[in-house]
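Tertiary structure, described
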Amino acid sequence: MKLVIAVIKPFKLDEVREALSAAGVQGMTVTEVKGFGRQKGQTEIYRGAEYTTNMVPKIKIEVAIEDSQASHVVETIQQAAHTGSIGDGKIFVMDIGQAVRIRTGETNETAL
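All of the points below concern the structure found in this document. On a predicted model such as this, the values are computed, not experimentally measured, just so you know.

This next bit is on the overall build of the chain. Helix and strand counts for the chain come out as two helices and six strands. Order of helices (α) and strands (β) in the chain, N terminus to C terminus: β-α-β-β-β-β-α-β. Based on the C-alpha atoms only, the size of the chain along its principal axes is roughly 55 × 25 × 20 Å. Counting the 112 residues in the chain, one finds 26% classified as buried. Split by element, the accessible area of the chain, about 7,500 Å² in all, is 49% carbon and sulfur. The distance from the centre of the 13 positive side-chain charges to the centre of the 14 negative ones in the chain is 7 Å.

For the rest of this paragraph, the subject is helix 2 (residues 70–81). Its 12 residues give helix 2 an end-to-end C-alpha distance of 16 Å, which sits within 8% of 16 Å, the value for a rise of 1.5 Å per residue. Buried within helix 2 we find Ala70, Val73, Thr76, Ile77, Ala80 and Ala81. The buried residues of helix 2 occupy one face: seen down the axis, they fall within an arc of 130°. Helix 2 presents Ser71, Gln78 and Gln79 as exposed residues on the side facing more than 90 degrees away from its buried surface. Of the surrounding elements, those touching the buried residues of helix 2 are strand 1 (2–8), helix 1 (13–22), strand 5 (56–65) and strand 6 (89–95).

Turning to the environment of Gly105, a few remarks are in order. If you trace the backbone, Gly105 turns up in the segment after strand 6. Of the residues examined, Gly105 reaches a relative accessible area of 44% and is grouped as partly exposed. For the pair formed by Gly105 and Lys90, sequence separation is 15 residues and the distance between their alpha carbons is 33 Å.

Glancing now at the sheet that holds strand 2 (residues 29–35). Taken together, four strands build an open sheet; the order of strands is 2-5-1-6 and the sheet is antiparallel. Lying at the two open borders of the sheet, with one neighbouring strand each, are strand 2 and strand 6. Taken over all neighbouring pairs, the strand axes of this sheet differ in orientation by 20° on average, direction set aside. As defined by bridge partners, strand 1 adjoins strand 5 across seven bridges and the pair is classed as antiparallel. Each residue of the ladder has a partner; that of Ala6, found in strand 5, is Ile61.

So, how was this worked out
- Residues numbered from 1 in each chain as written.
- Predicted model: local features only at pLDDT ≥ 70, side-chain atom pairs only at ≥ 80, totals over all residues.
- Heavy atoms only, no water.
- Helix = DSSP H or I, 4+ residues; strand = E, 2+ residues; numbered from the N terminus.
- Buried < 20%, exposed > 50% of the residue type's maximum accessible area, 1.4 Å probe, protein only.
- Areas by Shrake-Rupley, 256 points an atom, 1.4 Å probe, with all protein chains shown as cover.
- Lys, Arg positive; Asp, Glu negative; His and termini not counted.
- Charge placed at Lys NZ, Arg CZ, Asp CG, Glu CD.
- Expected span 1.5 Å × (residues − 1).
- Arc of directions from axis to C-beta.
- Contact = heavy atoms within 4.5 Å.
- Pairing = 2+ DSSP bridges.
- Axes fitted to C-alpha atoms, helices over the stretch in contact; angles between N-to-C directions.

Shown next, in the form of structure tokens:
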């Protein structure tokens, strides 16, 4: 099993969600997060005053999948989240040691 974590631009969430649903992903966790990478923050205007924030709002998507789906899910997220400009985000893939569905007690792949 794999855990795919994608950090993307907030306005790309619906496109990524729809693409993952079309690819057969049955569930995901979405969290609003803040952070920075190479872009080192951004400049915004609020009530006529310009200010710089060093933390950029992003969306973190977490998807638990079977090993065989990992490369397809990564490719799907990459295509749906791509804008071609700085700050498009990152995708991380990690191994999952165990998964348990709390309601039924199912484990591992059957719990996904």
